[in-house]
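Residue-level structure breakdown
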Amino acid sequence: MTPQELASALARILTDIIASRGDAAEGVVVTEQDTQVERPKNREHGDWASNAAMKFAKRLGTNPRELATEIADRAAGIDGVAKAEIAGPGFINITLDAASAGETARRVVEQGEAYGRGDALAGQRINLEFVSANPTGPLHMGHTRWAALGDSTARVLRAAGADVTSEYYINDAGAQMDKFGRSVLAAALGEEAPEDAYPGEYIQDLGRRVAEQIPGLGELARTDRAAALEQAQELGYRLQLAEIQDSLERFNVHFDVFFSERTLHAAGPDGAPSPIEAAVDRLREQGHVFEEDGAIWVRTTDFGDDKDRVFTRGNGVYTYFAADAAYYLSKKDRGFGEKIYLLGADHHGYIGRLTAIAGAAGDDTETDITVLIGQLVNLNGARLSKRAGNIIELNDLLEWLGSDALRYWLARYPADSPLALDGEKVRSRSNDNPVFYVQYAHARTCAVDRNAATAGVRREDGFAPGLLTHETEAELLGKLQQYPGIVAGAAELREPHRIARYLEELAGAFHRWYDNCRVIPLREEPVGDLHRTRLWLNDAAGVVLRNGLDLLGVSAPERL
RNA sequence: GCCUUGGUAGCUCAGUGGAUAGAGCACUUCUCUCCUAAAGAAGGUGUCGGAGGUUCGAUUCCUCUCCAGGGCACCA
C-alpha cells in the first residue's frame, strides 16, 4: 500500500459518501489531489494522515469530525489498513498492516532505477535554458549555481515524464566577441593589451595557443590585420568554448543543444532573411512593431513590460533584445511548449521583456514561458579571490571541493534563497557535511550487501514483509514510499532542492534502522526470513539513495 | 522613485493553509569482543522582522510597514 494508492482509495470513499448525500452535495467533485495523505510528524498519529474531512465538511454542510468519522469507518475496511482513527479537529490517522507497508521493499528493489519515475509531466516538451555564459572567458563562481540547479532540474523534470531539452545559448556575435578577438590577437602577437581588453591570465594562455596553432599569424597581421584578427578571434572562440564544455562535463552537467547566436544573424539559403529579420517581420504582422526616432521598436508594454524595447537601433544595428526575440521564436518553432529560463538575480529585469516576447509571439504568457530567478552565491564572503580582481573559476572550485560536494551544496537550497557557502564545510569529510552523510548511507547499503553474500543471506530465499515491525523499519518504509511523491513535487515546482532534503531524511532513517536492526545474523544465529526480508529493505534503501543522488548529478559510491 | 527576492533557534538553513514550527552544526553526556562509529541515543533553544486583514485554522494567502540583497539602457 503506497500513499498514492491510499489517496485514491480515500477519494473513492469520499465520492461514495457524496453520492449518498444526494442533492445537498451536488456538484462536489473529489480528486486524488484532495485526499492526498501526508506523513505525520508525530508517530502517534499513525503512518499516514488525511485532512480531507476538514476540507470538505463545509461544502457538504456537515462538521469535520462527523465527516471524518464516516470516512474513517470505511477506510478501516481498505485492504492493508490496520486502523483508521479520527483526531484533533478532523484528521483521519491511518495505520497500515506491517505486511502491507513492508511490501514496498520488494516493489522498490524490483523497479530499481525506474522507482520514483512517473508520468505527471508526460507529453510536455520543455526547453530549459541555463548558464549561457559568454564564450569570452572561463566559467566561474557566478555560473556554478545555475549549472548545478539547471542540470538537476532537467533530470527531475525528465523523471516526471517530461521531454526536456537542456540548452546553452552562446553569445558568439556582437561587440563582446570583437573585444575578445582583439584581446586574443594582441596576446598571440605579444603586443600590449588594447585599452578595453579582457583582463585575466586565460587570455594570455589562449593567445599562446592561438600563436602555436596559426604559424603565420605574425606575418599575416602585418599584411592583413583584419584577416589575422578574424582568424585569432575564431580560433580563440573555439578553444574557449571547448574549455567551457570541458568544465561542464567535469561538473557532470550536460547540454543537449549549444545554440549559436550567429545563426540568428545569418541569412538563410538563397538570401532568405535571417531569423532576426524574419522575427521582426513576424512581430510586425502581429501589429506589435512601430518606428520612432529612427529606431524600430516592439510594443512590449502591451504585454506587461514596463517599457517598450528597441529592436533595431537608429544606426541600423540590432539590439540584444532582437536576438532574444528571434531565439524565443526559434524555440517555439522547434516545437517546445514551455520555455524555461534560469537566470541570476542580476538579470531579473529580463522577466518583463522575455514574457512580452512570448505574448507578442502569440504564446500564453502563463504557461508557455517560465523565468526562474535565483539569488547569487557567495563563497566565504568575497575574500576568496585568489588574486585581486580575479574571479574564481569553476575548474578551480572543482579541484578544491570536488564535483559531488559542490553540486550537492548548490542543489540543496531553493534558487531564490541567498546562499553563503563555507568552503571548509563543503570540503570536510565529516558528519557536518550532508553530502557525505547521504553518500555514506548508500555505501553502507553496499557494505551490507557484501557481507550478506558472505554470510549466505539471499533475497531470493524468502520475503516476509509482515516481519518488518520495528519502529525504525516502519519509519524507513514510510520514507521509501514518499519518494515518488517527492520527485513529482520537485518537478512540478522546479525545485530540485527537495530531492536533497529528502535524501538527508532518508539517510537518517536508514542509519537509525541500521543501528537497530541487523541484516546479518550473529555468529550462532541461523539465517531466517527476517534477515532476508531486511536485506530486501536494505537494498530498497540503496536503490532510492542511488536514484535520488543521480537526480542531483552526484555519484553514489559503493565504498567511502 | 518603481520592480523583485529574502528576514524562521547562537550559526547555516528547511518548512506547496493543518496537529506541540523542524534539521544539521555548535555545547554536554552516553553507545563498537557483533553488517563501515564518516553512525546512533539523550539533553533546550524561538516575538516565524512588525502591524492589520481573509477563515474552522496563517510561518504559509492579501494589504501596509521596517531592514537587507538584486534590478530598472538605442550596453552586451
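Residues numbered from 1 in each chain as written. Chains lettered and ligands numbered in written order. Predicted model: local features only at pLDDT ≥ 70, side-chain atom pairs only at ≥ 80, totals over all residues. Heavy atoms only, no water.

An unreviewed UniProt entry lists chain A under the name Arginine--tRNA ligase, with Leucobacter chromiisoli as the source organism. According to UniProt, the comment filed for chain A under the heading Subcellular location (unreviewed entry) is "Cytoplasm". Of chain A, the UniProt comment under Subunit (unreviewed entry) reads exactly: "Monomer." (UniProt positions renumbered as here; feature names shortened; annotations may be inferred.)

With antiparallel pairing, the three strands of this open sheet are ordered in space as β1-β3-β2. Across the chains shown, the open sheet's two edge strands, defined by having one partner strand only, are β1 (48-50) and β2 (81-87). Each strand axis lies, on average, 25 degrees off the axis of its neighbour in the sheet, ignoring direction. With six bridges joining them, β2 and strand β3 (residues 91-96) adopt antiparallel strand pairing. Looking at β3, one finds that lysine 83 is bridged to threonine 95. (Pairing = 2+ DSSP bridges. Helix = DSSP H or I, 4+ residues; strand = E, 2+ residues; numbered from the N terminus. Axes fitted to C-alpha atoms, helices over the stretch in contact; angles between N-to-C directions.)

Turning next to the environment of arginine 145. Within the element layout of this structure, arginine 145 appears in helix α5 (residues 141-159). Overall, arginine 145 belongs to the buried group, its relative accessible area being 0%. Apart from the residues within four sequence positions on either side, arginine 145 is in contact with Gln375, Leu376, Val377, Leu410, Tyr413, Pro414, Ala415, Ser417 and Leu419. (Buried < 20%, exposed > 50% of the residue type's maximum accessible area, 1.4 Å probe, protein only. Contact = heavy atoms within 4.5 Å.)

Applying the stated criterion across every chain yields a total of 33 salt bridges. Close ionic contact of aspartate 151 with arginine 155 constitutes a salt bridge, the shortest N to O distance being 2.7 Å. Taken as a pair, aspartate 151 and arginine 155 lie in helix α5 at a separation of four residues, close to a single helical turn. For the residue pair aspartate 151 and arginine 155, the accessibility class agrees, reading buried in each case. Measuring nitrogen to oxygen at the nearest pair gives 3.6 Å for the salt bridge that ties aspartate 550 to arginine 155. In this pair, aspartate 550 is assigned in helix α20 (residues 529-551) and arginine 155 in helix α5, connecting sequence segments 395 residues apart. Overlapping salt bridges bring together Asp151, Arg155, Arg407 and Asp550 as one network. (Salt bridge = Lys/Arg side-chain N within 4 Å of Asp/Glu carboxyl O.)

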